[in-house]
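# Per-entry structural report
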Amino acid sequence: MQLDKRRDISIDGLKGRVLELAKRRGFLWPSYEIYGGVAGLWDYGPFGAMLKHRVESAWRDIFVVGESALPIETPTIGVEEVFLASGHLSNFVDLIVECVNCQTALRADHVVTEYLKSRGIAADLCDPDIATACVPSSEKTQELIDSYGIMCPDCGGPLGKVHDFNLMFTTHIGPGTQRNGYLRPETAQGIFADFPRLLRFYRDRLPFGVAQIGKSYRNEISPRQGVIRLREFTQAEVEVFVDPREKNHHPRFDEVANVEINILSKDFAGTASVKAACERNIIAHEYLAYHIARCQEFFTRVGVRESQLRFRQHLPDEMAHYAVDCWDAEGLTQHGWIELAGIADRTDYDLKQHERQSGLQMAVFVPYEEPKEVERIVVRPNMGYLGPKYKGKAKQVAAFLSAIHDTKGPIVFDGDVVDPEGYAIETVRQSISGDFVTPHVIEPSFGIDRSIYTVLEHAYDEDIIDGERRIVLRLSPDIAPVEVAVFPLVKALNEKALEVFRLLRRAGLLVEYDDSGTIGRRYRRQDEIGTPFAVTIDHETTENSTVTIRDRDTTKQVRSSIESLADVLHGMLVHGFDRTSS
Ligand code: GAP
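Residues numbered from 1 in each chain as written. Predicted model: local features only at pLDDT ≥ 70, side-chain atom pairs only at ≥ 80, totals over all residues. Heavy atoms only, no water.

Tallied over the full model, the rule gives 21 aromatic pairs. Residues Phe27 and Phe47 carry aromatic rings whose centres are separated by 6.1 Å and whose planes lie at 40° to one another, so their mutual orientation is tilted. Taken as a pair, Phe27 in the loop between helix H1 (17–24) and strand E1 (28–30) and Phe47 in helix H2 (residues 46–65) lie far apart in primary sequence, 20 residues in all. The class for Phe27 is buried, based on a relative accessible area of 1%. Here the aromatic rings of Phe298 and Phe299 are separated by 5.2 Å at their centres, their planes lie at 55°, and the arrangement is tilted. (Phe/Tyr/Trp six-rings, centres within 6.5 Å; stacked < 30°, edge-to-face > 60°. Helix = DSSP H or I, 4+ residues; strand = E, 2+ residues; numbered from the N terminus. Buried < 20%, exposed > 50% of the residue type's maximum accessible area, 1.4 Å probe, protein only.)

Here it is in structure tokens:
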């Protein structure tokens, strides 16, 4: 066997090939293809679904088992109150423009950016007056469309007016239109809405983490990048609730302190340990740095190449409205650097918003080591006044007032000054044994589908064996949909091969049996699926009960007795072919 040196294909050389292989080998298929397909909806075929299951298991190993962040499962349909509180109803918008001629709906800012880029014109779409997030302003986008006379990129027709489009899918809960529902755009909100119960579950102690893997939905305006931008996708999120005063003291920081990561931030571009990045204030605090390191552990375990993985800090004008520091884990693909995960400090934004919306307290009592004598301001709600004035909202206003321990000037609720008749302010001397603290949330949030696509790209390779081109998916054995393939060399050996197949399946291996076509074609098929090892039952098997094991990556072969085969393969899956076989 002659094996050429691995050909590391350039990113450009990959264009189209990975998706073609993924479709041909049953990893990814366009959904509802028999009816023409729908942009942004993709199926996982049998090998894809298995791969996805294993990627999610690797994620669970690191974030659920490793971090003791127990998972919960909340509905994918959320009620209106949740998204009023989270801000998704008002803020979760993209700019849309429709072609007057062909009626195609387009992302207005993308149309403008593409147009300007193709003509080498630099222009900033962001509104300098919007301080919190780089939301391209509709006015600015409209202005550019008008001034450059930008037309529909699909048909050349005139474009209509730019306007906001909310990305949430809407529905009704129950018959009729009584209660609006929304398909969740992130799994996180289900966790925030359960916070009071979760706090009790964790016996009122911080910090604790809660995980959720599940579908999220975004009605993307025109998803055109294959499987990168989906309308239904899987997120794996952890919300870590932490005392804000402890954000720079992660109890297990030492375990990751020396992990080196590729960083791109406003002040630094290069490789540094997460400890150095914290000390130099590149990363805001240890909790973020710790989760960035764990994030890298996950990606490299599932096969994202470390050299093509970087952590990019959001610029202040790019940050989501709830975050104070946010990092994207980005993987380099044929689509450029794409965001695979976000690691954000969401502060107390979400809990405070849900506290307001629900009227329920979302704070944690954190006891001191010794009680303290203090003077405190107490705001006592006057329900006799608040009830008739605020009616259904009175409970919410009262909870808001009771949570105040510092007042200067008028108290404002929901943008309106609360009439001083609605409360009394008292200064009292108290012995206090702790503080009520609204936890801050550190959130590593992964896009599983984008991670899988990146893994497929990074695993894709082509080489030449015996003068023949071969495609090989160099998937990590941790996630390969098939671990071992079993082949009879000739038909007469089918029964013996099936025996070996059953033996390995009983030993807990993911095995596939294949007796169709030439042995060469069977090897190629498994190489394209990413199966790390293939076992062949040949004539020698009947003489001495041994089989060959072939290594996908090198195509080297060794013999093993059938008796020890399962153990040998288990060892190879963990330690590699060479270390076990030599
Ligand atoms: N809870 C935080 C959150 O949802 P995000 O950055 O909007 O943050 C997290 O999403 C991850 O979900 C992203 O890093 C990305 O991998 C994935 N994601 C977001 N939108 C997606 C889409 N339309 N298609 C596929 N994956 C998407």
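In contact at an axis separation of 11 Å, H2 and helix H15 (residues 448–459) are set at 110° when each is read in the N-to-C sense. Classified by the angle between their axes, H2 and H15 sit roughly perpendicular to one another. Each of Leu51, Lys52, Val55 and Glu56 in H2 lies in contact with H15, whose residues at this interface are Ile448, Asp449, Ile452 and Leu456. In terms of residue class, the contact of H2 with H15 is made up of 5 nonpolar, no polar and 3 charged. (Axes fitted to C-alpha atoms, helices over the stretch in contact; angles between N-to-C directions. Parallel < 35°, antiparallel > 145°, perpendicular 65-115°, else oblique. Contact = heavy atoms within 4.5 Å. Nonpolar A, V, L, I, M, F, W, Y, C, P; charged D, E, K, R; others polar.)

So, on to the site of the ligand. Around the ligand sit 18 residues, and of these Glu186, Glu220, Leu230, Glu237 and Glu339 come closest. Within the backbone of Leu230, one N or O atom sits 2.8 Å away from a nitrogen atom of the ligand. Contact distances for the ligand include 2.4 Å between a nitrogen atom and a side-chain N or O atom of Glu237. Relative to its unbound accessible surface of 550 Å², the ligand loses 90% to contact with the protein. Looking at the shell around the ligand, the elements with two or more residues in it are strand E11 (232–242), strand E16 (336–347) and strand E21 (440–447). If you tally residues by element for the shell around the ligand, the top one is E16, at 5 residues. Split by residue class, the shell around the ligand holds 5 nonpolar, 4 polar and 9 charged. (Near = heavy atom within 4 Å. Polar contact = N/O pair within 3.5 Å; in protein donor to acceptor, adjacent residues only side chain to side chain. Areas by Shrake-Rupley, 256 points an atom, 1.4 Å probe, with all protein chains shown as cover.)

Take the nonpolar core next. Among the nonpolar cores identified, the biggest contains 74 residues, and Trp59, Phe298, Phe299 and Leu456 are the most heavily contacted of them. Top contributing element to this core by residue count: helix H11 (residues 286–302), with 10 residues. Once you skip the residues sitting within four places of it in the chain, Trp59 turns out to touch Val64, Ala211, Ile213, Ala236, Glu237, Val238, Phe298 and Phe446. One finds Val484, Val511, Tyr513 and Val535 within the second-largest nonpolar core, a separate group that totals 23 residues. (Core = buried A, V, L, I, M, F, W, Y, C linked by side-chain atoms within 4.5 Å.)

Now for the packing of helix H13 (residues 383–390) against helix H14 (residues 394–402). Helix packing for two helices is described by the angle between their axes and how far apart those axes are. It is the contact of H13 with H14, at a shortest axis distance of 8 Å, that shows an interaxial angle of 135°. Of the possible angle classes, the one that applies to H13 and H14 is oblique. On H14, the residues that touch Met383, Leu386, Gly387 and Tyr390 of H13 are Ala394, Val397, Ala398 and Leu401. Class assignment for the residues of the contact of H13 with H14 results in 7 nonpolar, 1 polar and no charged.

Glancing now at a nonpolar patch on the surface. Together, Tyr32, Ile34, Tyr35 and Val38 give the surface a local cluster of nonpolar side chains, amounting to about 540 Å² of exposed area. Mapped onto the fold, Tyr32 is located in the loop between E1 and strand E2 (42–44). What makes Tyr32 exposed here is its relative accessible area of 53%. (Patch = residues over 30% accessible without salt bridge, like charges linked within 9 Å, V, L, I, M, F, W, Y side chains within 5 Å. Salt bridge = Lys/Arg side-chain N within 4 Å of Asp/Glu carboxyl O.)

What the 5 strands build is an open sheet, ordered E25-E24-E26-E27-E28; its pairing is mixed. At either end of the open sheet lies a strand with only one pairing partner, and these are strand E25 (511–513) and strand E28 (557–561). On average, adjacent strands in this sheet sit at an angle of 25° to one another, irrespective of strand direction. Pairing between strand E27 (residues 546–551) and E28: 5 bridges, direction antiparallel. By the bridge assignment, Thr548 is partnered in E28 with Arg559. (Pairing = 2+ DSSP bridges.)

Right, let's talk about the environment of Ala394 for a bit. Topologically, Ala394 is positioned in helix H14. For the pair Ala394 and Met383, spaced 11 residues apart in sequence, the C-alpha separation works out to 7.6 Å.

In an α-helix, one turn spans 3.6 residues, which is why side chains three or four residues apart end up on the same side. Counted at 1.5 Å a residue, the expected span for helix H19 (residues 562–575) with its 14 residues is 20 Å, and the 20 Å between its end C-alpha atoms agrees. For H19, every residue scored as buried is listed here: Ile562, Leu565, Ala566, Leu569, Gly571, Met572 and Leu573. Just beyond H19, the residue with positive phi is Gly576, at close to 100°. (Expected span 1.5 Å × (residues − 1).)

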